[in-house]
Amino acid sequence: MDILRGIRVVNLALNLPGPLAASHLARMGAEVVKVEPPAGDPMELYSAAWYREMAAGQELVRLDMKTPEGQMRCGELLAGADLLITSNRPSVLARLHIDWETLHPRFPKLCQVAVSGYPEPRGEVAGHDLTYQAALGLLYPPNLPRTLLADMAGAERAVSSALGLLYVRERFGRSGLAKVVLSDAAAEAAAPLAFGLTRPGGLFGGGSPEYNIYPARDGFVAVAALEPRFRERLFAYLGGVNTAGELSAAFASRNADEWERLGEDLDIPIVKVSSAEGATSRTCRWDT
């Protein structure tokens, strides 16, 4: 999919979600320049494999943005760019001269996606994915989250914001700034909890027998027979079973793999619950 062929992106963001958003844009055909400090992107230390995957096909440039030489070279890159992605606090953007107010007069055709942790007036408050989730009640202490929800959602927001900015520029000739706030992205992702759907006893929180997790003979299965056609098909196959206790007894009678195959045969959403170690092999790639 080369819908962004001819678009040049400069990504100054490190870690997540900026590099992930840049990776998506690259897959859409954009030419991406990944700018890193002299010490590199910390993401390479956290997960070298994921770092390489996100940076694939991009031009890598190492710059010391704290020096006049680095800022000058960055300006040269931005002169030929359509979009800039940043992920610094407002004060850092201003100090490095890559804030919208500084760049727009110099590069009137340049659009900018600025990723930050909190909205103003809390723009300088430190935060990370873990703290955004913790504040929204998405954690089960002392367990850590199984995914970086705010960062992943923030990457998608950054992509959609970038596409919107580029569309407006092409349609109306105006470049613009889009602010992607990670705490807001996390709050939107927490809406099912806030509205009670995933709270204990809620429709998706154990209150619906046909939408639940059940122990199988050798593990667990996730059952999502929510729509009437799925629910009726499941209950009919099980001979009229329809309570949580009856379903639990039924699913305990077979192995999880058997239930997953049966789900595919009957067209019912039933899958084996994978362990954290085994989930990787079952995960769908982003570009499939």
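Here the structure is a predicted model, which means the values were calculated and not measured. (Residues numbered from 1 in each chain as written. Predicted model: local features only at pLDDT ≥ 70, side-chain atom pairs only at ≥ 80, totals over all residues. Heavy atoms only, no water.)

A. Structural detail: the nonpolar core. Leu 4, Val 9, Leu 25, Ala 30, Leu 83, Ile 85 and Val 113 are the most contacted members of the largest nonpolar core, which totals 27 residues. Counting only elements with at least two residues in this core, the list comes to α1 (18–27), β4 (83–86), β5 (111–116), α8 (149–172), β6 (177–181) and α9 (182–189). Counting residues per element, this core draws most heavily on α8, which supplies six residues. Among residues more than four places away in sequence, those in contact with Ile 85 are Val 9, Val 10, Asn 11, Leu 12, Ala 13, Gly 18, Ala 22, Leu 25 and Val 113. In terms of nonpolar packing, the next biggest core, distinct from the first, is built from 19 residues, Val 10, Met 65, Cys 74 and Val 92 among them. (Core = buried A, V, L, I, M, F, W, Y, C linked by side-chain atoms within 4.5 Å. Buried < 20%, exposed > 50% of the residue type's maximum accessible area, 1.4 Å probe, protein only. Helix = DSSP H or I, 4+ residues; strand = E, 2+ residues; numbered from the N terminus. Contact = heavy atoms within 4.5 Å.)

B. Quick peek at the environment of His 24. For His 24, the position within the fold is in helix α1. Among the residues examined, His 24 registers a relative accessible area of 11% and is labelled buried. Residues His 24 and Ala 158, spaced 134 residues apart in sequence, show a C-alpha to C-alpha distance of 9.9 Å. Within the structure, the side chain of His 24 is placed 3.3 Å from the side chain of Glu 156, a separation counted as a polar contact. (Polar contact = N/O pair within 3.5 Å; in protein donor to acceptor, adjacent residues only side chain to side chain.)

C. The sheet that holds strand β1 (residues 8–11), seen in detail. The six strands lie next to each other as β3-β2-β1-β4-β5-β6, forming an open sheet whose pairing is parallel. Each edge of the open sheet is held by one strand with a lone partner, namely β3 (59–62) and β6. On average, each strand axis in the sheet is tilted by 20 degrees relative to the strand beside it, whichever way the strands run. Pairing of β1 with strand β2 (residues 31–36) involves four bridges; the strand directions are parallel. By the bridge assignment, Arg 8 is partnered in β2 with Glu 31. Along the sheet, α9 contacts β5 and β6; its crossing angle with β6, the most-contacted strand, is approximately 60 degrees. (Pairing = 2+ DSSP bridges. Axes fitted to C-alpha atoms, helices over the stretch in contact; angles between N-to-C directions.)

D. Structural detail: the sheet that holds strand β7 (residues 211–215). Strand order in this open sheet of three strands is β7-β8-β9, and the pairing throughout is antiparallel. Each of the sheet's edge strands pairs with one partner strand only, and the pair in question is β7 and β9 (270–272). The average angle at which neighbouring strand axes cross in this sheet is 20 degrees, direction not considered. Here three bridges tie strand β8 (residues 220–224) to β9, and the two strands are oriented antiparallel to one another. The residue bridging Val 221 from the neighbouring strand is Lys 272, located in β9. Lying over the sheet, helix α12 (residues 244–251) contacts β7, β8 and β9, oriented at roughly 45 degrees with respect to β7.

E. Quick peek at the packing of aromatic side chains. This model, assessed by the stated rule, comprises four aromatic pairs. Ring geometry for Tyr 118 and Tyr 132: centres 5.3 Å apart, planes at 80 degrees, overall edge-to-face. Linking Tyr 118 in the loop between β5 and α7 (129–135) with Tyr 132 in helix α7, this pair joins segments that are 14 residues apart in sequence. In this structure Tyr 118 comes out as buried when scored by relative accessible area, which is 13%. (Phe/Tyr/Trp six-rings, centres within 6.5 Å; stacked < 30°, edge-to-face > 60°.)

F. Structural view of the pairing of β5. Within β5, six of the six residues are buried, which leaves the element mostly enclosed by the surrounding structure. Burial along β5 is two-sided: Cys 111, Val 113 and Val 115 facing one way and Gln 112, Ala 114 and Ser 116 facing the other are all buried. Here β5 pairs with β6 via five bridges, running parallel. Residue pairing across strands places Ala 114 opposite Lys 179, the latter belonging to β6.

G. Structural context of helix α11 (residues 228–237). Taken residue by residue, α11 has Phe 230, Leu 234 and Phe 235 as its buried positions. Across the axial projection of α11, the buried residues extend over an arc of 120 degrees, all falling on one side. Every exposed residue of α11 that faces more than 90 degrees away from the buried side is listed here: Glu 232 and Ala 236. Contact partners of the buried residues in α11: β8, α12 and β9. (Arc of directions from axis to C-beta.)

H. A look at the side chain of Asp 129. Mapped onto the secondary structure, Asp 129 falls in helix α7. Buried charge without a partner: Asp 129 forms no salt bridge, and the closest opposite charge is Arg 157, 12 Å away. Here Asp 151 takes part through its backbone nitrogen, which lies 2.9 Å from a polar atom of the side chain of Asp 129. In this structure Asp 129 touches Thr 147, Leu 148, Leu 149, Ala 150 and Asp 151, once residues within four positions along its chain are discounted. (Lys, Arg positive; Asp, Glu negative; His and termini not counted. Salt bridge = Lys/Arg side-chain N within 4 Å of Asp/Glu carboxyl O.)

I. Quick look at the side chain of Arg 8. Within the secondary structure layout, Arg 8 lies in strand β1. Polar contacts involving the side chain of Arg 8 include one to the side chain of Glu 31, which spans 2.3 Å. Each residue touching Arg 8, except ones within four places of it in the same chain, is listed here: Glu 31, Val 33, Glu 59, Leu 77, Gly 80, Ala 81, Asp 82 and Leu 83.

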